[in-house]
Amino acid sequence: MNFALMKHKFKLLVKSALFCFGFLTIIGCTSNNTSIKMKGSDTEVNLAVNLAEKYTELDPDFSIAISGGGSGLGITSLLNGQADIANSSRPLSDEEIEQFKNKNVEVKTVVFAEDATAFVVHKDLPIEEIDLETLKKILNGEFTNWKNIISSVDLPINIYGRQSSSGTHSFVKKKLKIEFTNAAKEMTGNAQILEGVKADKSGIGYVGAGYVAHDPNANQAVKILKVKENSDAVAYSPIDPNAINQSLYFFQRPLYQFVLAESWEKVKPFIDFEKSEKGKEMIENHGYYIIEK
C-alpha cells in the first residue's frame, strides 16, 4: 500500500492482492456523501484514475474510489447500490435492463470515448496480421498449433483471455459469434494478459488498444496484430487513428459510463471534466478516440 498526502486534501491509495479483482484507488479524503464510487471495466480503469487525479487538482475536495474487475462487476455493483458509476466496455444486456427496471433503479448512460480491442502475440512470433476466420478457429479451439497458420512454427497455441464478466470477453465473443475454448486462460485484466503473452512465445491475447498503446514497455515485448475481415481484405491496426475514425477496424467499440440517476448531481462535474478540452486531450493521450456526438 502506497500513500501520498498533499496538504491533507489529496490522497492516492493503491491496494493490490493476488486474488482480488483489479485494484482500488481512492482520490481525495472527503468522507461525506459527495464521495463517489466507480467500479467496472479494466479497459477504462487506468484512464479513469488519471482523469480523477487531474480533476482533483481543480477541485481538492473531490473524492472518488475507483476499482476494476470487469464491466459485469461494475454493473452489478451499480444495481446493488455499491457504486455511483459503472465503467463498461459494452452496453447493458437485455437481462440487465430488466433487472434495473424491476428494482426501480434509474440509470443515465454516458458514452465518453471509443476503444478498439487489440490482439497481441509475442514479439518473436513471425506473424503481422490475421483474418477473422483464422481468429475464430484459434479462439474456439479448432486451431491448437501455430503450424495451422504459420508452417514454420510448431508450437501449441496458448490463449490469454478474460473472465466471462469482462466486457471485452463479451465483445469479442459476440463480434466473432463464437464460444471460447475451455483451454483459454481466464485472466483478471489487461496487465495479466500482457505479462502472459510477453513470457510466452506461443501466446496470443486480447487487450484494450488504449491500454497497450499507453504502455511503451508492452510495445517492445508484444506485437499488435493488424486484423482483416477475410484473406483478400486490407488489414487494419487498432492503434491507427485514421482507421478508427473511418470505422474500418473490426473490433472497435464505444466506452460507456452508467450513472445512478440519484447520484447524477454529484457525478456531473466530473463527467463535464471528461468532456472538457483537457479531458478529451487525456483520453486521446491514453490511446482512445473521441466521439463527437
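Residues numbered from 1 in each chain as written. Predicted model: local features only at pLDDT ≥ 70, side-chain atom pairs only at ≥ 80, totals over all residues. Heavy atoms only, no water.

What about the pattern of salt bridges?
Argument step 1. Tallying each qualifying case throughout the model produces 12 salt bridges.
Argument step 2. Across the pair Arg90 and Glu96 runs a salt bridge whose closest N-O atoms are separated by 2.7 Å. Take Arg90 and Glu96: they sit in the same class, and that class is buried.
Argument step 3. Across the salt bridge formed by Lys123 and Asp124, the nearest N and O atoms sit 3.2 Å from each other.
Argument step 4. Residue classification places Lys123 among the partly exposed positions, given a relative accessible area of 40%. (Salt bridge = Lys/Arg side-chain N within 4 Å of Asp/Glu carboxyl O. Buried < 20%, exposed > 50% of the residue type's maximum accessible area, 1.4 Å probe, protein only.)

Comments concerning the side chain of Lys223
Argument step 1. Tracing the backbone shows Lys223 in strand β12 (residues 222-224).
Argument step 2. A polar contact of 3.3 Å, which involves the side chain of Lys223, links it to the backbone oxygen of Ile127.
Argument step 3. Excluding anything up to four places from it in sequence, Lys223 contacts Phe119, Val120, Val121, His122, Lys123, Leu125, Pro126, Ile127 and Glu128. (Helix = DSSP H or I, 4+ residues; strand = E, 2+ residues; numbered from the N terminus. Polar contact = N/O pair within 3.5 Å; in protein donor to acceptor, adjacent residues only side chain to side chain. Contact = heavy atoms within 4.5 Å.)

Here's the deal with the confidence of the model for the chain
Argument step 1. Looking at the chain as a whole, its pLDDT mean stands at 87, while 86% of the residues score no less than 70.
Argument step 2. Taken as a whole, residues 1-23 scores under 50 in pLDDT and shows 49 contacts with residues more than four places along the chain or in a different chain. (pLDDT = per-residue confidence, 0-100.)

Topic: the pairing of strand β7 (residues 107-122)
Argument step 1. A large share of β7 lies buried, amounting to 12 of its 16 residues.
Argument step 2. Strand direction decides the pairing type here: β7 and strand β14 (residues 252-260), joined by 9 bridges, are antiparallel. Within the sheet, the bridge partner assigned to Val107 lies in β14 and is Leu260.
Argument step 3. Two strands pair when backbone bridges link them, and β7 and strand β11 (residues 203-208) are joined in this way by 5 bridges, in the antiparallel orientation. Within the sheet, the bridge partner assigned to Val120 lies in β11 and is Gly205.
Argument step 4. Summarising the sheet, β7 and β12 pair through 3 bridges and their orientation is antiparallel. By the bridge assignment, Val121 is partnered in β12 with Lys223. (Pairing = 2+ DSSP bridges.)

Describing the nonpolar core
A general trend in soluble globular proteins is that nonpolar side chains are found buried together.
Argument step 1. Membership of the largest hydrophobic core comes to 44 residues, with the highest contact counts inside it found for Phe119, Ile138, Leu139, Trp146, Leu176, Ile204 and Phe251.
Argument step 2. Listed by contribution, the elements that provide at least two residues to this core are β7, α4 (132-139), β9 (158-162), α5 (167-176), α6 (190-198), β11, α7 (209-213) and β12.
Argument step 3. For this core, the element with the highest residue contribution is β7, accounting for 5 residues.
Argument step 4. Aside from chain neighbours lying at most four places away, what touches Ile204 is Val120, Val121, Leu135, Ile138, Trp146, Ile157, Asn158, Ile159, Tyr160, Val197 and Leu225. (Core = buried A, V, L, I, M, F, W, Y, C linked by side-chain atoms within 4.5 Å.)

Let's talk about helix α2 (residues 71-79)
Argument step 1. In terms of residue burial, α2 counts as a mostly covered element, since 7 of its 9 residues are buried.
Argument step 2. Residues of α2 that are buried: Ser71, Gly72, Gly74, Ile75, Ser77, Leu78 and Leu79.
Argument step 3. Lining the buried residues of α2 we find β4 (36-40), β6 (85-88), α3 (94-102), β7, α5 and β14.
Argument step 4. In the segment just after α2, Gly81 is the residue with positive phi, at about 75°.

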